[in-house]
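# Structural description and commentary
Okay, here's what each chain looks like letter by letter:
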Amino acid sequence: MHTGIDWLALFGHFLLLSLLAVGGAITVVPDMHRVLVGKMGLLTDAQFNASIAIAQASPGPNILFVAVMGYQAAGFAGAFVTLAGIMLPSTTLALAVARWGHARRHWPEVQAFKAGMAPIVIALMFSTGWILATQTPGWRHVLLTIAAALLVWRTRIHLLILIGIGAAVGALGLV
Amino acid sequence: MTTEPSALARPASPKDLFVTFTLLALQGFGGVLAIAQRVLVEQKRWLSQEEFIELLAVAQVMPGPNICNLALMTGDRFFGWRGAFAALAGMMAVPLVIVLMLTALYTQFAAHPAVAGALKGMGAVSAGLFVGTGLRLASALRSNPMGASICTAFAVICFIAVALLHWPLVWVLLILGTIACLWAFKRLPSRAASER
C-alpha cells in the first residue's frame, strides 16, 4: 500500500526534530510540514492541519498529533515510526539531565537554576493561555477564558466540569 | 504557601503511577499541564509546589513535550527507570488509542457546527486552565531567593517576549533564563551568608 515510503528517512527526520523541539513538538511543526507535505508528499495540507486539531480536541498530551500525522500518512506503522522517532531522543536526554540535576540538587548552580527558572516557567504558563485565547477572533470566548482562569485559581472545581461547560456553551453557539 | 516535605506522599508502585497518569491524561483536553498540577501537587501530594515548578523548569529547557518529560521525571524520582516508563506509558497509551479512533471518526463530523462550536468552547476553557494554574503556581515565588518583585519583573519580561512579541522560545530561555539563573545564583541564601 505504502511501499514507496522511505521509512528510514521518515524515522530519521523525526529523531532529529525531537532534539530540536525545545518547548514542545509544536515548535517544529513548520519543519514537519516542509517534510511531510512538501518533500515526501505523504500528507495534504488539509490532513496536516486536521492532525493538529484532532489531537488538541482529544484527551492526552498534544504530542499525539505526531502519531495522527504518521497514521494518516502510512497507517499504524506510520504512527509508530513518527511517534517513536519524536519521543526516543528527547525522553532519553530529559531523563539523563533530570538524574544529573537531582543528584546535584544541593549544588548552588542547580539551586540557582531552580530559583531563576521559576518565574520564567510561570510566565510561560500565562503565555500559553494568552496565545490560545487570542488565536481565535472575537471576544466572547475570552470571557469564558477569564472565567475559567478565575475558577481554577480561586476554587477547587473539577477541571473536567469546566471543560464540559466550555463544550456545552460552544455547542450551543454562544462563544 | 510552602508545602512541608513531611506532608508529601508517594506512589505505591509503578502500576499506581501508570493508572494515575492515565487518568490525568484522560482529563486533559488541549493541555495536560493544568491537570497534572492539580493531581500531582494538590490531590496526590506526590510533589510540592516547588518540586513541580522545578521539574517543569527542566522539562521546559529540554527538547520534547513538557508534559511527557514531566511524567518521565516524576516516575523516575520514585521508581527509577521502571517508574519513568510506567508514568510515560500511562500518559500516552490510552490517549493514543483514543486519538487514532477520533481520527477515523473526524472526517464525518468535522463540518458539524455543534462539534466545531464545542471544540472552540473547550479551547477557550483550556486557555483559562493555563492562566489559572499559572496564578496558583505563582504563590511559590514568595519563597524565591530573588524576592517577589524581581521574580515578577522576570515573569513580565518573559510574557512580553513570548506572548506579545512572539520571540522564539529557544532564545528567550537561553538569554532571559541565563540572566535569571545568574541573578538567582548571587541571591542564594548559602552564598549570601558566606559573603558576609
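Residues numbered from 1 in each chain as written. Chains lettered and ligands numbered in written order. Predicted model: local features only at pLDDT ≥ 70, side-chain atom pairs only at ≥ 80, totals over all residues.

In terms of regular secondary structure, chain A is built from seven helices and zero strands. The C-alpha atoms of chain A give a radius of gyration of 20 Å, which is well past the 16 Å a tight globule of 175 residues would have. Put simply, chain A has 175 residues, and 49% of those count as buried. Considering only contacts in chain A between residues 6 or more positions apart, those separated by 24 or more positions represent 44%. (Helix = DSSP H or I, 4+ residues; strand = E, 2+ residues; numbered from the N terminus. Rg over C-alpha atoms; globule rule 2.2 N^0.38 Å. Buried ≥ 20, exposed ≤ 12 C-beta atoms within 10 Å, placed from the backbone. Contact = placed C-beta atoms within 7 Å.)

With that settled, consider the overall build of chain B. When helices and strands are counted, chain B shows eight helices and zero strands. In chain B, the order of α-helices and β-strands from amino to carboxyl end is α-α-α-α-α-α-α-α. Overall size of chain B, expressed as C-alpha extent along the three principal axes, is 70 × 45 × 25 Å.

Now for the environment of Gly80 of chain B. Here Gly80 of chain B is to be found in helix α4 (residues 66-109). Here the alpha-carbon distance between Gly80 of chain B and Lys15 of chain B, two residues 65 residues apart in the chain, equals 13 Å.

What follows is about the packing of helix α5 (residues 108-134) of chain A against helix α7 (residues 169-187) of chain B. As a packed pair, α5 of chain A and α7 of chain B sit with axes 7 Å apart at the nearest point and diverge in direction by 125°. Between α5 of chain A and α7 of chain B, the interaxial angle falls into the category oblique. In this structure, α5 of chain A meets α7 of chain B at a crossing whose hand is right-handed. Contacts between α5 of chain A and α7 of chain B involve Pro108, Ala112, Phe113, Ala115, Gly116, Met117, Pro119 and Ile120 of chain A from the former and Leu176, Gly177, Ala180, Cys181, Trp183, Ala184 and Phe185 of chain B from the latter. (Axes fitted to C-alpha atoms, helices over the stretch in contact; angles between N-to-C directions. Parallel < 35°, antiparallel > 145°, perpendicular 65-115°, else oblique. Left-handed = near helix turned anticlockwise from the far one by under 90°.)

All right, on to the interface of chain B and chain A then. If you look at the interface, chain B gives 90 residues, while chain A gives 82 residues. Those elements giving two or more residues to the side of chain B that touches chain A turn out to be α1 (14-26), α2 (33-43), α3 (49-61), α4, α5 (113-137), α6 (148-164), α7 and α8 (189-195) of chain B. Looking at which element gives the most residues to the side of chain B that touches chain A, the answer is α5 of chain B, with 22 residues. Taken together, the residues that form the side of chain B that touches chain A break down as 64 nonpolar, 19 polar and seven charged. (Nonpolar A, V, L, I, M, F, W, Y, C, P; charged D, E, K, R; others polar.)

Our next topic: the confidence of the model for chain B. The predicted coordinates ought not to be read in detail in places where the model reports low pLDDT. Residues and elements named next belong to chain B. Mean pLDDT over chain B stands at 88; residues scoring 70 or higher make up 92%. For chain B, the element scoring lowest by mean pLDDT is α8, at 62; α1 scores highest, at 96. The ipTM value of the predicted complex is 0.83, and its pTM value is 0.82. (pLDDT = per-residue confidence, 0-100.)

All names here are of chain B. The assigned domain composition of chain B is domain 1 (7-101 + 125-143) and domain 2 (144-196). For domain 1 versus domain 2, the separation of C-alpha centres amounts to 24 Å. Domain 1 puts four residues into the contact, and the matching count from domain 2 is five residues. Its residues assigned to classes, the side of domain 1 that touches domain 2 shows two nonpolar, one polar and one charged. (Domains from an automatic or database assignment.)

Counted at 1.5 Å a residue, the expected span for α6 of chain B with its 17 residues is 24 Å, and the 23 Å between its end C-alpha atoms agrees. Among the residues of α6 of chain B, those classed as buried are Cys151, Phe154, Ala155, Cys158, Phe159, Ala161 and Val162 of chain B. Check the buried side of α6 of chain B and you find it contacts α5 of chain A together with α7 of chain B. Positioned one or two residues after α6 of chain B, His166 of chain B has a phi angle of 55°, which is positive. (Expected span 1.5 Å × (residues − 1).)

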